[in-house]
Amino acid sequence: TPSTTPSTRPVTTPDEPGTKTSACEDKRGDGGPMDLLSTTLAVGGDVVVTAKLAEAIPRDDTVDVGVMLLSQDWNTAQYLVGRWVNGRPLGPRNRGMLTSGRIPPARVLVEGPTVTLTYPPSVLDGLGENWTWGAWTGADGIFRDASGNNVDACPGPVGAMERQPF
């Protein structure tokens, strides 16, 4: 069954007219159950992150699926993160590292191994025209890797936090 809070469907879809998308794929198979196979970032009426994992969200760990957005001058960063504890969603959260740290409302939808996080367009405030992004999965317990808790990343290898242009 899909797990949702508080709404079930994103407003923006990648095939909606006027929506700009950027995607990355990770074919390494290096993240276990939280292996990040691909991530698509769609910007239209909303900002929608769709992450495809190797398996459904684990029910025996605290796990994150997140995206970092970074301005070209590195002065503004946004971390858009969904968190689950023992398979239950805590809901997405927005942590601003270099900005004011505002927390906008968001929606989350989980259908099997696909996680969709939806944010208002205000999460792009301050990023400017030429910003970059990268996605990751993390775990606090049994799926932890040697670097701390990042399990997988896209683009690039675990722990590299590489980014690509949007």
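Not measured: the values here are computed from a predicted model.

## Some details on the overall build of the protein chain
Helix and strand counts for the protein chain stand at zero helices and twelve strands. For the protein chain, the proportion of contacts with a sequence separation of at least 24, taken over those separated by at least 6, is 58%. Entry remark: accessible area of the protein chain is about 7800 Å², with carbon and sulfur atoms responsible for 51%.

## Some remarks on the pattern of salt bridges
Where charged atoms from two side chains of opposite charge approach closely, those side chains can pair. Scanning the model with the defined rule gives two salt bridges in all. The salt bridge partner of R83 is D64, with a shortest N-O separation of 2.7 Å. On the criterion of sequence distance, the pair formed by R83 in strand β6 (residues 77–85) and D64 in strand β5 (residues 62–70) is long-range, its members being 19 residues apart. Each member of the pair, R83 together with D64, is buried.

## Considering the environment of A139
Counting through the fold element by element, A139 comes out in strand β10 (residues 132–139). Judged by its relative accessible area of 0%, A139 falls in the buried class.

## Considerations on the packing of aromatic side chains
Per the stated rule, a full pass over the model turns up two aromatic pairs. Seen in terms of ring centroids, W131 and F166 are 4.6 Å apart; in terms of plane orientation they differ by 5°. Their pairing is stacked. Here F166 lies in the segment after β12 (164–165) and W131 lies in the loop between β9 (114–119) and β10, a separation of 35 residues in the sequence. Each member of the pair, W131 together with F166, is buried.

## A short note on unusual backbone geometry
You will see that W74, though not glycine, has its phi angle at about 65°, which is positive. Using a relative accessible area of 52% as the deciding quantity, one classes W74 as exposed. A positive phi angle, close to 50°, is found at N86, a residue other than glycine. Residue position: N86 is located in the loop between β6 and β7 (88–96).

## As for the state of the cysteines
Under the defined criterion, the tally for this structure stands at one disulfide. For C24, the disulfide goes to C154, at an S-S distance of 2.1 Å. On the criterion of sequence distance, the pair formed by C24 in strand β2 (residues 20–25) and C154 in strand β11 (residues 150–154) is long-range, its members being 130 residues apart. Like C24, the residue C154 is buried in the burial classification.

## Digging into the side chain of D46
The topology assignment puts D46 in the loop between β3 (36–43) and β4 (47–53). The buried category is assigned to D46, whose relative accessible area is 11%. Within the structure, the side chain of D46 is placed 3.1 Å from the side chain of R107, a separation counted as a polar contact.

## Some details on the nonpolar core
Note on soluble globular proteins: their nonpolar side chains tend to be buried together. Counting 32 residues, the largest nonpolar core has L69, W84, W131 and W133 as the members making the most contacts within it. Looking at this core, the elements with two or more residues in it are β3, β4, β5, β6, β8 (107–111), β9, β10 and β11. If you look at the next biggest cluster of nonpolar residues, it comprises six residues, including M68, L70, V81 and W136.

## With respect to the environment of Q78
When you line up the elements, Q78 lands in strand β6. Note on Q78: relative accessible area 4%, which makes it buried. Spatially, the C-alpha atom of Q78 lies 8.8 Å from that of L127, the residues being 49 residues apart in sequence.

Reading the values: rules and limits
Residues numbered from 1 in each chain as written. Predicted model: local features only at pLDDT ≥ 70, side-chain atom pairs only at ≥ 80, totals over all residues. Heavy atoms only, no water. Helix = DSSP H or I, 4+ residues; strand = E, 2+ residues; numbered from the N terminus. Contact = heavy atoms within 4.5 Å. Areas by Shrake-Rupley, 256 points an atom, 1.4 Å probe, with all protein chains shown as cover. Salt bridge = Lys/Arg side-chain N within 4 Å of Asp/Glu carboxyl O. Buried < 20%, exposed > 50% of the residue type's maximum accessible area, 1.4 Å probe, protein only. Phe/Tyr/Trp six-rings, centres within 6.5 Å; stacked < 30°, edge-to-face > 60°. Disulfide = S-S within 2.5 Å. Polar contact = N/O pair within 3.5 Å; in protein donor to acceptor, adjacent residues only side chain to side chain. Core = buried A, V, L, I, M, F, W, Y, C linked by side-chain atoms within 4.5 Å.

Purely spatial values, then, with no claim about function.
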